[in-house]
Amino acid sequence: MKLPAVEIKSNQCKGCGLCIDSCKPGVLSLSKAFNLLGYQYAEYKQSGCTGCEACYYACPEPGAISIHKEKKVQVQR
Ligand code: SF4
Ligand code: SF4
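Below is a short write-up of the structure. (Residues numbered from 1 in each chain as written. Chains lettered and ligands numbered in written order. Predicted model: local features only at pLDDT ≥ 70, side-chain atom pairs only at ≥ 80, totals over all residues.)

## Some words on the site of ligand 1
The local shell around ligand 1 holds 14 residues, among which Val 6, Cys 23, Cys 49, Cys 52 and Cys 55 are the closest. The residue makeup of the shell around ligand 1, split by class, is 10 nonpolar, three polar and one charged. (Near = placed C-beta within 6 Å. Nonpolar A, V, L, I, M, F, W, Y, C, P; charged D, E, K, R; others polar.)

## Focus: the environment of Met 1
By secondary structure assignment, the location of Met 1 is in the segment before strand 1 (5–8). For the pair formed by Met 1 and Gly 51, sequence separation is 50 residues and the distance between their alpha carbons is 13 Å. (Helix = DSSP H or I, 4+ residues; strand = E, 2+ residues; numbered from the N terminus.)

## So, the site of ligand 2
In the region of ligand 2, 15 residues are neighbours, and Cys 13, Cys 16, Cys 19, Ala 42 and Cys 59 sit closest. Put simply, the parts of the chain that give the shell around ligand 2 at least two residues each are helix 1 (18–22) and strand 3 (40–44). For the shell around ligand 2, a count of residues per class yields 11 nonpolar, two polar and two charged.

## What about the pairing of strand 2 (residues 28–34)?
Direction of pairing for strand 2 relative to strand 3: antiparallel, over a ladder of four bridges. In the sheet register, Ser 29 faces strand 3, and the bridge partner there is Glu 43. Connecting the antiparallel pair strand 2 and strand 3 is a turn made up of five residues, with Gly 38 showing a positive phi of about 90°. (Pairing = 2+ DSSP bridges.)

Here it is, written out as structure tokens:
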């Protein structure tokens, strides 16, 4: 997976679209398929995420969205 990237747990999504509206690069969209709860869910287009976390803070469902970034390496002197 190319980082940064967003991961959306489709079965925890209620399809409210807040993450899609909050994503300035426009890399999220609503699926055509339905999840186990009967909602269309947010999907990542698999490239273009900047790791800004706007979608994470917009989402009302705890745990539905995770942001993956490269770990910062601390240099000790
Ligand atoms: S972290 Fe930012 S760029 Fe990435 S999907 Fe979420 S809102 Fe879009
Ligand atoms: S904000 Fe959360 S619940 Fe709403 S569509 Fe996005 S991932 Fe799903």
